[in-house]
Amino acid sequence: MLLIPCPFCGDRDETEFAYGGDAGTERPADPGAATDEAWTDYLCFHDNPKGPHREFWFHRDGCRRWLTVERDTHTHELGAVRLSRP
Amino acid sequence: MAAMQRYSIFSLLRGALSGHRGWQPAWRAPEPKSSYDVVIVGGGGHGLATAYYLARNHGIANVAVLERGWIGGGNTGRNTTIVRSNYLLPENQRFYEHSLKLWEGLSRDLNYNVMFSPRGVINVFHTDAQRDYWIRRHNGMRYAGIDAELLTRSDLARLVPALDLSPAIRHPIVGGVIQPRGGVARHDAVAWGYARAADALGVDIIQDCEVTGIDIQAGRVTGLQTSRGPIGAGRVGLAVAGHSSRLVEMAGIRLPIETHLLTATVSEPVKPFMDKVVSVAAAHVYVSQTDKGEVLIGGTLDGYNSWSQRGSPARLEDILSAACEYFPRVSRLRQLRHWAGVMDMSMDGSPIIARLPVEGLAMTGGWCYGGFKATPASGWCLAWTLANDAPHALNAPFSLERFRTGAVLDENGAGPVAWGH
Ligand SMILES: Cc1cc2nc3c(=O)[nH]c(=O)nc-3n(C[C@H](O)[C@H](O)[C@H](O)COP(=O)(O)OP(=O)(O)OC[C@H]3O[C@@H](n4cnc5c(N)ncnc54)[C@H](O)[C@@H]3O)c2cc1C
Ligand SMILES: [Zn+2]
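Residues numbered from 1 in each chain as written. Chains lettered and ligands numbered in written order. Predicted model: local features only at pLDDT ≥ 70, side-chain atom pairs only at ≥ 80, totals over all residues. Heavy atoms only, no water.

**Quick word on the overall build of chain A**
Part 1 of the argument: A count of helices and strands for chain A gives 1 helix and 6 strands.
Part 2 of the argument: Each helix and strand of chain A, placed in order from N terminus to C terminus, yields the pattern β-β-β-α-β-β-β.
Part 3 of the argument: Taking the principal axes of its C-alpha atoms as reference, chain A extends roughly 40 × 30 × 20 Å.
Part 4 of the argument: By residue count, 37% of the 86 residues in chain A fall in the buried class.
Part 5 of the argument: Residue pairs in contact within chain A that sit at least 24 positions apart in sequence constitute 45% of those at least 6 positions apart.
Part 6 of the argument: When the accessible surface of chain A is summed, it comes to about 4800 Å², and 50% of that surface belongs to carbon and sulfur atoms.
Part 7 of the argument: Of the side-chain charges in chain A, 10 are positive and 16 negative, and the distance between the mean point of each set is 6 Å. (Helix = DSSP H or I, 4+ residues; strand = E, 2+ residues; numbered from the N terminus. Buried < 20%, exposed > 50% of the residue type's maximum accessible area, 1.4 Å probe, protein only. Contact = heavy atoms within 4.5 Å. Areas by Shrake-Rupley, 256 points an atom, 1.4 Å probe, with all protein chains shown as cover. Lys, Arg positive; Asp, Glu negative; His and termini not counted. Charge placed at Lys NZ, Arg CZ, Asp CG, Glu CD.)

Set out below in C-alpha cells:
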C-alpha cells in the first residue's frame, strides 16, 4: 500500500488517489498544429522504466489537487511530491 | 538425440510396474551453441509455443529459447488460466477462436496432458446497459460462428448454485452469458508440454540465461548478449510479457506499453462446489475452482505502473470482498497465497504480434491480462511471422504501426490509457 505525502493533507492511502500516469508527457500546446507523430507520442508512447518514475496522482478524496510524484516502480519508494500546477 | 518418450496409458502402467525408474527428463539441458537460425527470448508459454510451431509448422528447428529464470516461471505460472474467445471485434474473434481451436487439440498434439477443461466461462451482469452490451457482444460472436448463450437468473441458479442471486445485495445479478467451450487449463503443463514437444523436434531450451543486449548491424539483428555469453541469431523473436519494453529498448525501440500489476489469490482446497468460471461485471472479480479444490480468485490491476510483483493489499481487499459478496460461502475459507504478475498493458488493450523496425526482429507482447488463452495462437502467429518475414492474416491487425495509423483495436473503448483496459 502506498502512503502518498500530499503537501496539503499529509500521508494518505493510495486508495484516496486516482493515478494519472507518466508526468513526462507534454500535451502539444497547439493541438491543430501538432503532427500526427507528435499526438501519437503524447497519447501512446510513454516512459515505462523499471526504477525512478515521475507520475501524476490526483488527490480525489482529499484536496482534489494534481500532484507530481517521484516513485520507484520497482521498490515503490517515494521521492519528491509537489503540486503539478503551483 | 534420443526419441521422445511418448506418454500413454501403457507407458504409465509400465512406469507403475517398474517403480517409476524409467522416466527420462522431459527436455534436455544443452549448452548454448554459438548461433542459431532463430532465437526466442522468454521461456513462458508464448516463447515455447513459438519455438514448437517454428519446428513443426515451418521446419525451422535450429532454434533456441532463452529463459532468464526457469521456464513457465513468469506470468504463465502466475495466471488464473481462463481460456475463452468471447470478443466483440472481428480481429480479436478470429485470433482468439483460432487459439481456442488449438487448445481443443493441444493435449493430443503435444502428447502432454495440458488439462484443458472446457467447463464454460460465464459473465454475469447487473444493469440493463450491461445486459445490452453483453447481448451485443455475444450476438457478434454467434454471427462469427462462435458459441455463446444468454443466461437467465434461473439458468444461473442451476449452473452456479454458489452464486448469490438474491435481490438484496448491493448490485443484484440480473442475468448472464456463457461461452460453453471456454474453460481453464493447467498453466505449468502448457509450458512443459510445449517445451517437451519443441525439444523433441530439436529446439534447445536454455534456462538461467538472461538476455542483456541485442546486437544490430546495418539495421539487422545479428545476435544477443546474454549472461551465458553472446549467441548469434539469424532472427530473434521476443516473448517476454511484462518485460517487453525493456527488451525492445535494447534495440532502441519504444512501445505503446506500460507495465502494471495484476493480483490473484487462492484459498485452501475444499470439496468441489463450482464447475464453471464466473466473472462478475460489477466487482471486477472472477472465480473458479481448481482441480485441487482451491478457490482461485482474480481481479483488476493495481492501477499504477509497477514492476514489484507484490500486489497492493488495497486491491486484494477489493477482490476478496467482492468474492465474499457474490459467493458468500467463500468468506469462511482461508487464503493460502496471493501474488501478482507484471502485465504488459498496451494502449488499446490488444496485443502486438509483429515485426519490429529492425530487420529480423519480431515480438509477441502487450498481452494485458488475457494472454494465457492466447498462448497457442500467439506462438503459431509469431512462428509464421519469423519464418515468412511477414505477418499471417490472423496477426496482421496486431501491428505496431496501428498506434500511428489509428487502426487501434480497443475492445473496451477505453482510449489510450494503459491501465483502463
Ligand atoms: C494474476 C494474473 C492472472 C491472469 N489471468 C489470466 C487468465 O485468466 N487468462 C488469460 O488468458 N491470461 C491471464 N493472465 C495473463 C497471462 O498470464 C499472460 O498474458 C501470459 O501468461 C503471458 O505469457 P508469456 O509466455 O508471454 O509470458 P511469461 O510466462 O511471463 O514468460 C516471459 C518470460 O520471459 C522471461 N524473460 C524476461 N526478461 C528476460 C530476459 N531479459 N532474458 C531472458 N528471459 C527473459 C521471463 O523470465 C518469463 O519467464 C494473467 C496474468 C496474471 C499476472
Ligand atoms: Zn491532498
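There is more to say after this.
**Thoughts on the interface of chain B and chain A**
Note on interface size: it is often stated as the accessible area lost on association of the parts.
Part 1 of the argument: Contact with chain B, which involves 25 residues of that partner, is made by 25 residues of chain A.
Part 2 of the argument: Interface area, chain B with chain A, both sides summed: about 2300 Å², of which 50% is carbon and sulfur.
Part 3 of the argument: The largest per-residue losses of area from chain B upon contact with chain A belong to Y304, W307 and R404 of chain B, which jointly make up 32% of the total buried on that side.
Part 4 of the argument: Counting the contacts that link chain B with chain A gives 3 salt bridges.
Part 5 of the argument: R254 of chain B is paired through a salt bridge with D47 of chain A; the nearest N and O atoms lie 3.0 Å apart. (Buried area = accessible area lost by both parts, 1.4 Å probe. Salt bridge = Lys/Arg side-chain N within 4 Å of Asp/Glu carboxyl O.)

**Some remarks on the confidence of the model for chain B**
Part 1 of the argument: Model confidence for chain B is summarised by a mean pLDDT of 96, while 100% of its residues fall at 70 or above.
Part 2 of the argument: On the interface metric, ipTM, the complex scores 0.95, and its pTM is 0.97. (pLDDT = per-residue confidence, 0-100.)

**Remarks on unusual backbone geometry**
Residue and element names in this part refer to chain B.
Part 1 of the argument: For A218, which is not glycine, the phi dihedral falls at a positive 50°.
Part 2 of the argument: Relative to the assigned elements, A218 resides in the loop between β9 (211-217) and β10 (220-226).
Part 3 of the argument: Take A218: its relative accessible area is 87%, and that puts it in the exposed class.
Part 4 of the argument: Notably, H284 is not glycine yet its phi reads approximately 50°, a positive angle.

**So, the site of ligand 1**
Residues and elements named next belong to chain B.
Part 1 of the argument: The environment of ligand 1 is made up of 37 residues, and the closest members are E67, N75, T76, T80 and K373.
Part 2 of the argument: For ligand 1, an oxygen atom lies 2.6 Å from a polar atom in the side chain of E67.
Part 3 of the argument: One of the side-chain nitrogen or oxygen atoms of T76 is found 2.6 Å away from an oxygen atom of ligand 1.
Part 4 of the argument: Protein chains shield 96% of the accessible area of ligand 1, which is 1000 Å² for the free molecule.
Part 5 of the argument: Looking at the shell around ligand 1, the elements that each hand over two or more residues are α2 (45-58), β12 (257-267) and β16 (335-346).
Part 6 of the argument: In terms of residue count, the dominant contributor to the shell around ligand 1 is β12 (3 residues).
Part 7 of the argument: The residue makeup of the shell around ligand 1, split by class, is 16 nonpolar, 16 polar and 5 charged. (Near = heavy atom within 4 Å. Polar contact = N/O pair within 3.5 Å; in protein donor to acceptor, adjacent residues only side chain to side chain. Nonpolar A, V, L, I, M, F, W, Y, C, P; charged D, E, K, R; others polar.)

**Observations regarding the coordination of the zinc ion (ligand 2)**
All names here are of chain A.
Part 1 of the argument: Coordination of the zinc ion (ligand 2) by the protein is provided by C6 (SG), C9 (SG), H59 (ND1) and C63 (SG), with metal-donor distances spanning 2.0 to 2.4 Å.
Part 2 of the argument: Around the zinc ion (ligand 2), the 4 donor atoms sit at angles spanning 103 to 119°, and that spread fits a shape best called tetrahedral.
Part 3 of the argument: Of note, the donors binding the zinc ion (ligand 2) are all from one chain and are spaced C-x2-C-x49-H-x3-C. Here the residue C6 occupies a position in strand β1 (residues 3-6), and C63 occupies one in the loop between β4 (52-58) and β5 (66-72), the gap between them amounting to 57 residues.
Part 4 of the argument: Under the relative-accessibility criterion, C6 is labelled buried at 5%. (Donors = N, O, S within 2.8 Å, 3.2 Å for Na, K, Ca; no water. Tetrahedral: all angles 85-135°; square planar, octahedral: opposite > 155°, others 65-115°.)

**Some remarks on the nonpolar core**
Residue and element names in this part refer to chain B.
Part 1 of the argument: In this structure, Y53, F95, W103 and Y194 are the most contacted members of the largest nonpolar core, which totals 49 residues.
Part 2 of the argument: Sorting the residues of this core by element identifies β1 (35-41), α2, β2 (63-66), α3 (90-104), α4 (106-110), α7 (187-200) and α10 (375-388) as the ones contributing at least two each.
Part 3 of the argument: Other than its neighbours up to four places away in sequence, W103 contacts V83, V114, F116, A185, V190, F372, K373 and P376. (Core = buried A, V, L, I, M, F, W, Y, C linked by side-chain atoms within 4.5 Å.)

**Let's talk about the pattern of salt bridges**
All names here are of chain B.
Part 1 of the argument: All chains considered together, the criterion is met by 27 salt bridges over all chains.
Part 2 of the argument: Notably, a salt bridge pairs D204 with R28, separated by 3.1 Å at the nearest N-O pair. Taken together, the residues D204 in strand β8 (residues 204-206) and R28 in the loop between α1 (9-17) and β1 connect sequence positions 176 residues apart.
Part 3 of the argument: The exposure class of D204 is buried, given its relative accessible area of 6%.
Part 4 of the argument: With a relative accessible area of 30%, R28 lands in the partly exposed category.

**Describing the packing of aromatic side chains**
Part 1 of the argument: Under the defined criterion, the tally for this structure stands at 21 aromatic pairs over all chains.
Part 2 of the argument: Consider the rings of F95 of chain B and F398 of chain B, whose centres lie 5.4 Å apart with planes at 65°: the pair is edge-to-face. A residue pair is termed long-range when its members are at least 10 positions apart, and F95 of chain B in helix α3 and F398 of chain B in the loop between α10 and α11 (402-405) qualify at 303 residues.
Part 3 of the argument: Exposure remark for F398 of chain B: the relative accessible area of 0% places this residue in the buried category.
Part 4 of the argument: Counting every residue linked through ring pairs, the aromatic cluster contains F17, Y19 and W57 of chain A together with Y304 and W419 of chain B.
Part 5 of the argument: Over the aromatic face of Y7 of chain B sits the side chain of R196 of chain B, whose NZ or CZ is 3.7 Å from the ring centroid.
Part 6 of the argument: Positioned above the aromatic ring of W307 of chain B is the side chain of R246 of chain B, whose terminal nitrogen or guanidinium carbon lies 6.0 Å from the ring centre. (Phe/Tyr/Trp six-rings, centres within 6.5 Å; stacked < 30°, edge-to-face > 60°. Lys NZ or Arg CZ within 6 Å of the ring centre and 35° of its normal.)

**Considerations on the packing of α2 of chain B against α7 of chain B**
Residues and elements named next belong to chain B.
Part 1 of the argument: In the contact formed by α2 and α7, the axes pass within 8 Å of each other and the chain directions differ by 30°. By the criterion of interaxial angle, the relationship of α2 to α7 is roughly parallel. When the axes of α2 and α7 are compared, the crossing they make is left-handed. Taken together, the residues of α7 that come into contact with α2 (itself represented by G45, L48, A49, A51, Y52 and Y53) are A191, Y194, A195, A197 and A198.
Part 2 of the argument: Broken down by class, the residue content of the contact of α2 with α7 amounts to 10 nonpolar, 1 polar and no charged. (Axes fitted to C-alpha atoms, helices over the stretch in contact; angles between N-to-C directions. Parallel < 35°, antiparallel > 145°, perpendicular 65-115°, else oblique. Left-handed = near helix turned anticlockwise from the far one by under 90°.)

**As for the packing of α3 of chain B against α10 of chain B**
Residues and elements named next belong to chain B.
Part 1 of the argument: Interhelical geometry of α3 versus α10 gives an angle of 110° and a closest axis separation of 7 Å. Overall, the two elements α3 and α10 adopt an arrangement that is roughly perpendicular. The residues of α10 that touch α3, namely those facing F95, H98, S99, L102 and W103, are T375, P376, A377, S378, W380 and C381.
Part 2 of the argument: Among the residues making up the contact of α3 with α10, the classes are represented as 7 nonpolar, 4 polar and no charged.

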